[in-house]
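Per-entry structural report
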Amino acid sequence: MAKEIIQVKNLKVHYPIRSGFWNRVTDYVRAVDDVSITINEGETYGLIGESGSGKSTTGKAIVGVEPITSGQIIYQGVNITTAKNRRKLNYNKDVQMIFQDSMSSLNPRKRIEDIIAEPIRNFENLTTDQERERVQELLDIVGMPSDSLYKYPHEFSGGQRQRIGVARAVATNPRLIVADEPTSALDLSVQAQVLNFMKHIQQQYDIAYLFISHDLGVVKHMSENLAIMHRGRLVEIGSRDDIYNHPMHIYTKRLLSAIPLVDVEHREENKKHRQEVEQEFQNDQSKWYDDKGRVYPLQQVSGKHWVALPKDELKQEEIKEKGRD
Amino acid sequence: MSEKKENTSAKEAKKKKISSPTSSFKVVVREIVKDKVALTAFIVIVLVLLFTFGGSLFLNAEKVTETNIIDAYYGWGMNGHIFGTDDGGRDILNLLMMGGRNSILIGLGVTAVCEIVGLLVGLVSGYYGGNVDAVIMRIVDFIQVLPAMPIEIVLVSVIPNYNPLSLVGIISLFGWTGTSRYFRAFVLSQRGRDYVLASKTSGSSDFKIMFREVLPNITSMIIIDVVLQIASNIGIETTLSFIGYGLPSTVPSLGTLIGFANDPVNVVSRPWLWLPATVMLLAISLSVNYVGRAFQRAADARQREN
Amino acid sequence: MWKTVLRRILIMIPQLIILSILVFFLAKMMPGDPFSGLIGPNTDPKQLEALKRQAGLYDPVPVQYAHWLKNLFKGDLGISYIQHVPVTSLIADRAVNTFWLALITTIITYCVAIPLGVTAGRHQDEWQDQAVQIFNYITFAVPPFVFYILGIWLFGFTLGWFPISGSVSPNASGFFGTIGSQIYHIILPACLVALISTTSIVQYLRTGIVDNKVEDYVRTAHSKGVPDNVVFSKHILRNSLLPIASSFGSVIAGLLSGSMIVESVFSYPGMGKLFLDSIGQRDYSTLTALILIFGVLTLLGNLLSDIIMSIVDPRIRIK
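Notes on the structure follow. (Residues numbered from 1 in each chain as written. Chains lettered and ligands numbered in written order. Predicted model: local features only at pLDDT ≥ 70, side-chain atom pairs only at ≥ 80, totals over all residues.)

Helix and strand counts for chain A come out as 14 helices and twelve strands. Over its C-alpha atoms chain A spans a radius of gyration of 21 Å, differing by no more than 12% from the 20 Å that the globule rule assigns to 325 residues. In terms of overall dimensions, chain A has C-alpha extents of about 65 × 60 × 45 Å along its principal axes. Here chain A, with 325 residues, has 42% of them falling under the buried criterion. Across chain A, every contact between residues at least 6 apart in sequence was considered, and the portion connecting residues at least 24 apart equals 67%. (Helix = DSSP H or I, 4+ residues; strand = E, 2+ residues; numbered from the N terminus. Rg over C-alpha atoms; globule rule 2.2 N^0.38 Å. Buried ≥ 20, exposed ≤ 12 C-beta atoms within 10 Å, placed from the backbone. Contact = placed C-beta atoms within 7 Å.)

Printed below as a string of structure tokens:
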């Protein structure tokens, strides 16, 4: 059993909604509501959900750039949700981030050299020569020509920029990288390329990824364990096999059925399956979501597999699953 | 394969774009040279600067403001005075040089103070947001609804040991608010950008992010604001001097010269007293503002290119 | 909507309090006290001292402030040091003149600005627009007092079309004669001030029209076959006039604070001229009162702007 690198416990990020005459807080947007996940060393953990499901907020909270409402994030036995603890640990030396929009994540006014060197300068004491060597080496790792050093971000294509983002994230030899939809803004061919670089780096340096995506298809090739998020809460967590072959929550099923298949022979069957899933979702809203439309708390199904269902529903679902097998 | 393609396309893109931020200055120069009016305005500014600052080099402040009643009210070109003399026999040409220089210096001084204070306040307010921002903006709101000019006049007349530096301070007291509001709005929009978050995760301090990451992204806005501010601050100084509450009477100013027109006799029969200064102020205001707007257009054009 | 207005007024209360404190300390900074105006050759210094003590001039500052505020609410702004009359009556006379000047300026401003803005917006980038832009650029760039000087020189002295000082001719007789003379005196300064205050309104209006022209709702109207003129008047213009309506309050506030310069150039006996005269004569009690009035009027002008905005633009209202 692999050792865990980071534990998120009951993480909540709520934003107040102000209204009324005195502008008082009347309600909260529950962007992230009671999320707990554990990521092991060197693994890729997939966090999947639609836009607005709170997956990016979770990622940002883990990196420490999103103030949290409550909960704990444990790294090396320390709760790093306070800036003080993060500083003490040099937390961001070990935990880095790759952003979705490569253009906006690279400062347009800085050279690539300065962009990649920024974390090195902050966390390590290197001479100018050592630093340049290190930056060169990093560019090499992500397959960028060495003359990129003196260029500015807008002189590169989207895929190249994202690789620069990867290089910056790896610069301080981190243990965990939160990758927030790193490929969703890229063309398909370039997506594969960036993913391959990420995989390659993972094997070489034993880095854990929290891979945030809305695309179950992409994550399938990356992650051993997955968590599905919806409306700020987890609906299902489990191993790749659990999620892809034995999904229990309707939301997971819907996401899976939405993966486009190139399977001409079974086209009609697949279509029927999609319609069935949609039908099930439409008919039994109350079964999957409580009266406020929120997701239920997670219940354990087996080993790693947890799903957000009321207890009695869970039993029925299990019986159904077995019957199907 | 796609790797190669990317590289060549990047190279092509590079050829087309005048890309790197360091050359933004070149873009501005190109934009101004292309625009004939802006070029003229720029030349006018250079000439005015040469005339006022260059001319003042050869002048002695005490001599210029020395009164000699016998020489009072010479007309155009009389007795070697090209623009004549005023009620104290002072040479208007000399007063014009020194006055122009002083008015420009006050404008520059006020702009420097306002830009620095406004920039700092705008950065802090916009970057931190939340309660810090709310408190600062309430203060800015309040200063902006105060009647600036009456208060400035009162301060000018009650401050002990009043000198040109006090004037800079008094005008700046009200001037920084607009600038800070302008920068705050922009910093606020940058705060949530990924590059700021990336800097945070790279371990950079807030201070470093504000000055090393965000600030370089607003340089073109700063330049535009500085140019327009200079024009408007020269306007404020000359207005105050015009009604007699600007620069002290021993320090020449364009406003004081134009102030001769407050006397109906001067308006009709002694135009040399106030007309040259009026023309010069017109030239300064129009050309500086025009160059400021040309900068603005250049910056907008560059934004479109990117 | 009433909630918005009420809240906006509540925000003004602390502003008024701070303004009063500010003015109070500004007054303290000025030399002299309320009795300087009473000093004559026959004043007994001891009696004066007793009077001062009685009036609380030696009390702690907060007490003095409270006292000053109490008088303020009673409408007592003190006695002019120089004219030896209550400041309120001194100001009241002048306020009437400034009011008429501001009113006529506002009317001219809107009468000129709206057609100009509409022309520029409709004929975007054509010669009409460019002409308006040049006009706008000049009035924006040049300090207002330069226009006043050039205006009085050209129209007052050289051409002799308008009087160059005062608010009414001494020879004017009869009700209509007086009114006529007053308007005659106001026209030139009002036009010159209007020249400057049109700038921002024209700019807002033009930008509004240009922006609205390409909005989807305008395209929809066009594609439904609505005639161009109707689209313009019913859709574009109506929406572009919103910011203009709200600028009304700030225009008024701007006129009041700008009244000083124009009244000084035209020797027009309004509040601005009174302010400059008072400072020249070191009449500090009048000055303090005038600053307070200017401040309150500016605050009210901004209040008016926000209230008008909340009436015409439903998006600003609080639910």
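Alright, that's what it looks like, and here's the rest.
With that out of the way, let us pick up unusual backbone geometry. Despite not being glycine, Asn-173 of chain A shows a phi value in the positive range, around 50 degrees. Mapped onto the elements, Asn-173 of chain A comes out in the loop between helix H7 (158-170) and strand S7 (176-180). Asn-173 of chain A sits in the partly exposed class, given 13 other C-beta atoms within 10 Å. At Asp-125 of chain C, a position not held by glycine, the phi torsion is positive, near 70 degrees. On the secondary structure map, Asp-125 of chain C appears in the loop between helix H4 (87-122) and helix H5 (127-141). Judged by the 10 C-beta atoms lying within 10 Å of it, Asp-125 of chain C falls in the exposed class.

Attention shifts here to the interface of chain B and chain C. Tallying the contact residues gives 28 residues for chain B and 31 residues for chain C. Within the residue set of the side of chain B that touches chain C, elements represented by two or more residues are helix H6 (130-145), helix H7 (148-158), helix H11 (219-242), helix H13 (264-269) and helix H14 (271-305) of chain B. Of all the elements, H7 of chain B adds the most residues to the side of chain B that touches chain C, at seven residues. When the residues that make up the side of chain B that touches chain C are grouped by side-chain class, the tally is 21 nonpolar, seven polar and no charged. (Nonpolar A, V, L, I, M, F, W, Y, C, P; charged D, E, K, R; others polar.)

On to the pairing of S7 of chain A. All names here are of chain A. Among the five residues of S7, five are classified as buried, and the element is accordingly described as predominantly covered. In S7, alternate side chains face the same way, and those of Leu-176, Val-178 and Asp-180 on one face and Ile-177 and Ala-179 on the other are all buried. Inspection of the sheet shows strand S6 (residues 95-98) paired to S7 by four bridges, in the parallel sense. Residue Met-97 lies in a different strand from S7, and its bridge partner there is Val-178. When S7 meets strand S8 (residues 208-213), the two strands line up parallel, connected through five bridges. Within S8, the position partnered with Ile-177 by the bridge is Tyr-209. A crossover connection joins S7 to the parallel S8 through helix H8 (residues 188-205); in handedness this β-α-β unit is right-handed. (Pairing = 2+ DSSP bridges. Right-handed = clockwise from strand over helix to strand, strands pointing away.)

All names here are of chain A. Spatially, S2-S1-S4-S5 is the arrangement adopted by the four strands of the open sheet, whose pairing is antiparallel. The sheet terminates laterally at strand S2 (24-40) and strand S5 (78-79), the two strands that pair on one side only. By the bridge criterion, five bridges tie strand S1 (residues 4-19) to strand S4 (residues 70-75) in an arrangement that is antiparallel. If you follow Lys-9 over to S4, its bridge partner there is Gln-72. Packing of helix H1 (residues 55-63) onto the sheet brings it into contact with S1, S2 and S4, and relative to S1 it is tilted by some 115 degrees. (Axes fitted to C-alpha atoms, helices over the stretch in contact; angles between N-to-C directions.)

Purely geometric numbers; function is a separate question.
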